[in-house]
Amino acid sequence: MKVKELMGALAKYDPDLEVICYSEGEQILPPRHLFRLLDLDGVDIVEGERQRDDNGVPGLKIGKSNAAMKHVVLNVTTDF
């Protein structure tokens, strides 16, 4: 999602509402849970190269390179 898409989606709602994230991704779910709530803690910009490790897990190699791009990163926490 691009920043302008996120802004457009959020502009439909009351600006004083809390923002939280959730995931149904099995790799972060506690046992016997259907989803996990994530609290939005902040927004940053980082430069790096999107890639996958040997197991296919997506990641970001932070730093400048020919393939690096700037990314807006939503910092989330499971502890809120």
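For clarity, every value in this text was computed on a predicted model and none was experimentally measured.

Asks: It is not clear to me how the packing of aromatic side chains should be interpreted in this structure. Could you clarify?
Replies: Pairs of aromatic rings are described using the distance from one ring centre to the other and the angle between the two planes. On inspection of all chains with the given rule, the structure shows one aromatic pair. Judged by centre distance (6.5 Å) and plane angle (85°), the ring pair of Tyr 22 and Phe 35 falls under edge-to-face. One end of the pair, Tyr 22, is in strand S1 (residues 20-23); the other, Phe 35, is in the loop between S1 and strand S2 (36-52), with 13 residues separating them in the sequence. A relative accessible area of 55% places Tyr 22 in the exposed class.

Asks: Which parts of the structure should I look at to understand a positive patch on the surface?
Replies: On the surface, Lys 2, Lys 4, Arg 50 and Arg 52 cluster together into a patch of positive charge. Among the structural elements, Arg 52 can be located in strand S2. With a relative accessible area of 59%, Arg 52 lands in the exposed category.

Asks: What is the right way to read the pairing of S2 from this model?
Replies: For a regular strand, the rule is simple: side chains alternate between the two faces of the sheet. Strand direction decides the pairing type here: S1 and S2, joined by four bridges, are antiparallel. Counterpart to Ser 23 in the pairing with S2 is Arg 36. In the sheet, S2 pairs with strand S4 (residues 69-77) via nine bridges, with the strands oriented antiparallel. Bridging across to S4, Glu 47 finds its partner in Lys 70. Here S2 pairs with strand S3 (residues 58-62) via five bridges, running antiparallel. In the strand pairing of S3, Gly 48 is matched with Ile 62. The antiparallel hairpin formed by S2 and S3 contains five residues in its connecting segment, where Gly 56 sits at a positive phi of about 85°.

Conventions and cut-offs
Residues numbered from 1 in each chain as written. Predicted model: local features only at pLDDT ≥ 70, side-chain atom pairs only at ≥ 80, totals over all residues. Heavy atoms only, no water. Phe/Tyr/Trp six-rings, centres within 6.5 Å; stacked < 30°, edge-to-face > 60°. Helix = DSSP H or I, 4+ residues; strand = E, 2+ residues; numbered from the N terminus. Buried < 20%, exposed > 50% of the residue type's maximum accessible area, 1.4 Å probe, protein only. Patch = residues over 30% accessible without salt bridge, like charges linked within 9 Å, V, L, I, M, F, W, Y side chains within 5 Å. Areas by Shrake-Rupley, 256 points an atom, 1.4 Å probe, with all protein chains shown as cover. Salt bridge = Lys/Arg side-chain N within 4 Å of Asp/Glu carboxyl O. Lys, Arg positive; Asp, Glu negative; His and termini not counted. Charge placed at Lys NZ, Arg CZ, Asp CG, Glu CD. Pairing = 2+ DSSP bridges.

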